[in-house]
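Summary of structural features
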Number of protein chains: 2
Amino acid sequence: MAKLVGVTIEGMNMNRMVQYQYWDKETETLPREELEKFQLKLLRESVNRALRTPFYKKRLFQVGITSGDDMKSLQDLQKIPFTTKQDLRDAFPDGMLAVDRREIVRLHASSGTTGTPTTIYFTKKDLERWASYVARCIYGTGCTRDDVFQNMITYGLFTGGLGIHYGAEMVGMLVIPSGPGNTGRQFKMMKDHRTTVVHATPSFLLHLHSKLEEEGYTLSDLALRKAFAGAEPYSEDTRRRIEELWNIDVYNSYGLSEMNGPGVAFECQHKDGMHLWEDGYIAEIINPDTFEPVANGETGELVLTILCREAMPILRYRTRDLTSFYTEPCPCGRTHRRIRRITGRTDDMLIINGVNVFPSQIEEVIMGIKEVGNNYLIQVDKDGALDRLTVKTEVGPNIFMDDARPLNALKERIRHALQTTISINPKVELHEPGALPVSEGKAKRVIDTRPKDV
Amino acid sequence: MAKLVGVTIEGMNMNRMVQYQYWDKETETLPREELEKFQLKLLRESVNRALRTPFYKKRLFQVGITSGDDMKSLQDLQKIPFTTKQDLRDAFPDGMLAVDRREIVRLHASSGTTGTPTTIYFTKKDLERWASYVARCIYGTGCTRDDVFQNMITYGLFTGGLGIHYGAEMVGMLVIPSGPGNTGRQFKMMKDHRTTVVHATPSFLLHLHSKLEEEGYTLSDLALRKAFAGAEPYSEDTRRRIEELWNIDVYNSYGLSEMNGPGVAFECQHKDGMHLWEDGYIAEIINPDTFEPVANGETGELVLTILCREAMPILRYRTRDLTSFYTEPCPCGRTHRRIRRITGRTDDMLIINGVNVFPSQIEEVIMGIKEVGNNYLIQVDKDGALDRLTVKTEVGPNIFMDDARPLNALKERIRHALQTTISINPKVELHEPGALPVSEGKAKRVIDTRPKDV
Ligand SMILES: [Zn+2]
Ligand SMILES: [Zn+2]
């Protein structure tokens, strides 16, 4: 399946030789005209699949689309209304399901703003296809079955861990399912098994490096050559910093659970923009206010249509992620367009140590506890390389601040309730009524003092 | 691959109809004579594989075994010396590796007594075979692809999570990779997706039930019918208690990372002893003092030889687990012998919330911190349904107990160091020198006040 292609160019990428390798050369280098023909065929199939779901049947009939054949060209995609995260929540659990529940073999879920998680379903074929996109990403950075891969990302409902795991397994690397945390053990395994590639959040890569000396290691103990960094936005400066600290290549990874997870777009060996796999997704970039396509190369909101997912087709999903297309083809020969690293989001979601948190989730939790007062403040800052969340709330008027026992119990209740909902352990501070700053007009509830990377 | 076999018997198992189903009927019901012939063939292959490893080449040559053909009968297995956990550590990383490192696609590791983890390697075929054993276990309890399976066990390096996950995926159930913890979310998913089967530690099943009402659910909100319980020993009483609380069937699961992980032995629908898959393992039960086989049906230490693992053959592994064989065949028709639930271990390992901890690990950590005095005590008790670990240490003579700041810092250092090594967050208590009880002779370092289930 994988072919090593002997195109060699000099003078690029720190003057090293780059030897391209493609997991699926025919697909990855398909001439654009053929690629778009293929997209149209897959789009028709995807619309037909969507028409089997209650949600899309209603939505598409409203705009006169009753069959995939109504897609005469890729332009016709624009007749389809956008799908939002709220649509996914409203359609939960079965409204967007295109197959019998018995065909589903996996679900993944992310926490949501209203307590209803965003849940994505997969058939067996969907899992295989997802893994093959990820394998394509990994192999395209130059990794082979000779590599040793330590996956420092949370396994479980989150798509980042299992998503990359299955792709790495398909490539045939030695996969060490280490998960995040436990820096001492991470280093020991990296040394013992000559780990060459890791997958982690950029924060964790910085944090891990800060522990290198303390844990008794030096870079020469390790064989690390590459890192895949994703799950939270980061800047080109951060990438360079991680590369210099570790003396490795860092590849940017893009994905979101609604589109499977990782494997949507990934950097090739040029590390200059992420190839978005257009045989799997149709990508549009729109002006989030006018909903019109932006001019080629301009920044806007990424809108994605997944083309091959049997269990759960999603058409024109508004990712809220801001990016732009490269207008030039990549020297690597892949014809799939590149997007720039995500430069922000159209809404207010916080990403704390790689976990998505909406302020409205926090508000909902604390406002549901009757002893909590009316004013609160969400503070996010850095504790070393890691993010730290502090939730400050005023107590209600009947709580006496000089009795420590019930106050500590209340704090613990708030902390526990927040952790249950947002999967992050916050610091909780209680303040006397009136002690927190009051804003005029729209309250400033979030103070994010982390350096702006994006 | 899977066949539904319509043998139906009445009057068993709470008067319900039991309809047997076998994942691989031919293998599972192979007449014993043929099964043993097959074992001998596989044993020869396994010995040949072992002879490719430095560890076994030396060990087997010492006793005159130079080829699998030296195994003229299954009796000849007893010419092979036992392999211990210490052997695995001594041979780390490559001493027991029978294939090129490039063939390895996965490793799993458990924490060990001396800081060197026990590490097990898998080729692609090894992973497939492991998943097929697990699929056989799951399918044999009556589960089918119609089931919805919530896997409440830690994913990652621990074999329990990914091991059962791959088997459940092979069966084609809807797998919800929830991992442990977060009771509120567990219940929500159980309700939303009509979860029919869960995998968890017995402790967690008890803990989860204690939160049912508090989290706003009743049993009638749920569709749960079965649980697989493992990763820590538990009694028949505990099983019955869980079954009554949840109104479900609980199936006992046995495995250990050295033998892949889960999938070594599992209860069938009779819930009366665990079928040990003898086409995958040769099981012996020995007297741990004399090393002689015990009489059939008597209790002793389980010794296992894995028959088909390409990457890492292990011959006659002393599991330290105490059990006995059933002497009667099972009415389900499977010919693979049943073992009784594990009634204890031959060494002093503690199992705390499903995680293996050796007192020597704790000692090693705290004795490595110079401010810690010479006496310490490990206390394990119950906090509700969960286990709780408290480590009490005396401080060294130069530490002043009336200065809280440095004491708290020291406590936190000890706690962090322990958590890093044993993956459990202990409570740490500091005591004045001489404050902890002094034992005459061999110190009593561990006080385990948990009800003895085993
Ligand atoms: Zn490229
Ligand atoms: Zn049976």
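Reading the values: the criteria
- Residues numbered from 1 in each chain as written.
- Chains lettered and ligands numbered in written order.
- Predicted model: local features only at pLDDT ≥ 70, side-chain atom pairs only at ≥ 80, totals over all residues.
- Heavy atoms only, no water.
- Least-squares fit on C-alpha atoms with pLDDT ≥ 70 in both.
- Contact = heavy atoms within 4.5 Å.
- Helix = DSSP H or I, 4+ residues; strand = E, 2+ residues; numbered from the N terminus.
- Buried < 20%, exposed > 50% of the residue type's maximum accessible area, 1.4 Å probe, protein only.
- Polar contact = N/O pair within 3.5 Å; in protein donor to acceptor, adjacent residues only side chain to side chain.
- Donors = N, O, S within 2.8 Å, 3.2 Å for Na, K, Ca; no water.
- Tetrahedral: all angles 85-135°; square planar, octahedral: opposite > 155°, others 65-115°.
- Phe/Tyr/Trp six-rings, centres within 6.5 Å; stacked < 30°, edge-to-face > 60°.
- Lys NZ or Arg CZ within 6 Å of the ring centre and 35° of its normal.
- Pairing = 2+ DSSP bridges.
- Axes fitted to C-alpha atoms, helices over the stretch in contact; angles between N-to-C directions.
- Right-handed = clockwise from strand over helix to strand, strands pointing away.

The next subject is the relation of the copies chain A and chain B. Between chain A and chain B, which share one sequence, the superposing operator has a rotation angle of 180° and an axial displacement of 0.0 Å; the RMSD is 0.1 Å. As the rotation angle and translation indicate, the two copies are arranged about a two-fold axis. In terms of C-alpha distance to the rotation axis, chain A has Tyr155 of chain A as its closest residue, with the C-alpha 2.9 Å off the axis. Taken as a fraction of all interface residues of chain A, those also at the interface in chain B reach 100%, which identifies the copy contact as same-surface.

Residue and element names in this part refer to chain B. Mapped onto the elements, Gln186 comes out in helix α7 (residues 183-192). In this structure Gln186 comes out as buried when scored by relative accessible area, which is 2%. Within polar-contact distance, the side chain of Gln186 engages the side chain of Ser178 at 3.0 Å.

Next up on the list: the coordination of the zinc ion (ligand 1). Put simply, a metal with four donors set out as a tetrahedron has ideal angles of 109.5 degrees, and one with six donors set out as an octahedron has ideal angles of 90 or 180 degrees. All names here are of chain A. Cys268 (SG), His275 (NE2), Cys330 (SG) and Cys332 (SG) make up the full set of protein donors to the zinc ion (ligand 1), lying at 2.1 to 2.3 Å. In this structure, the zinc ion (ligand 1) is surrounded by 4 donor atoms whose angles at the metal cover 100 to 120°, and the resulting shape is tetrahedral. One chain supplies every donor for the zinc ion (ligand 1), spaced along it as C-x6-H-x54-C-x1-C. Here Cys330 lies in the loop between β14 (317-323) and β15 (338-339) and Cys268 lies in the loop between β10 (261-267) and β11 (274-276), a separation of 62 residues in the sequence. Across this residue pair, the class does not change: Cys268 and Cys330 are buried.

On to the coordination of the zinc ion (ligand 2), then. Within the protein, the atoms that donate to the zinc ion (ligand 2) are Cys268 of chain B (SG), His275 of chain B (NE2), Cys330 of chain B (SG) and Cys332 of chain B (SG), at distances of 2.1 to 2.3 Å. Sequence spacing of the donors to the zinc ion (ligand 2): C-x6-H-x54-C-x1-C.

To continue, consider the packing of aromatic side chains. Overall, the coordinates contain 21 aromatic pairs over all chains when judged by the stated rule. Ring geometry for Tyr133 of chain B against Tyr281 of chain B: centres 5.8 Å apart, planes inclined by 50°, an arrangement best described as tilted. Linking Tyr133 of chain B in helix α5 (residues 124-140) with Tyr281 of chain B in strand β12 (residues 281-286), this pair joins segments that are 148 residues apart in sequence. Among the aromatic residues, ring-to-ring pairing joins Phe149, Phe228, Tyr251 and Phe266 of chain A into one connected group. For the cation-ring pair, Arg136 of chain A lies above Trp277 of chain A, with the distance from its terminal atom to the ring centre recorded as 4.8 Å. In this arrangement the basic side chain of Arg309 of chain B is found over the ring face of Phe122 of chain B, its NZ or CZ atom lying 5.9 Å from the centre.

Turning to the sheet that holds strand β19 (residues 386-395) of chain B, a few remarks are in order. Residues and elements named next belong to chain B. What the 4 strands build is an open sheet, ordered β20-β19-β18-β21; its pairing is mixed. The strands lining the two open edges of the sheet, one partner per strand, are β20 (427-431) and β21 (446-448). Across this sheet, the average inter-strand angle for adjacent strands is 20°, counted without regard to direction. With 9 bridges connecting them, strand β18 (residues 372-383) and β19 associate as antiparallel partners. Each bridged residue has a counterpart across the sheet, and for Tyr376 the counterpart in β19 is Thr393. The sheet strands contacting helix α10 (residues 359-367) are β18, β19 and β21, and the helix crosses β18 at an angle near 140°.

Our next topic: the pairing of β19 of chain B. Residue and element names in this part refer to chain B. Across the 10 residues of β19, 8 count as buried, placing the element largely inside the fold. What sits between the antiparallel neighbours β18 and β19 is a turn of 2 residues, in which Gly384 has the positive phi angle 70°. Bridging between β19 and β20 involves 5 bridges; their strand directions are parallel. Counterpart to Lys392 in the pairing with β20 is Glu429. A crossover connection joins β19 to the parallel β20 through helix α11 (residues 404-422); in handedness this β-α-β unit is right-handed.

Remember that the coordinates give geometry; whether it matters functionally is a separate question.
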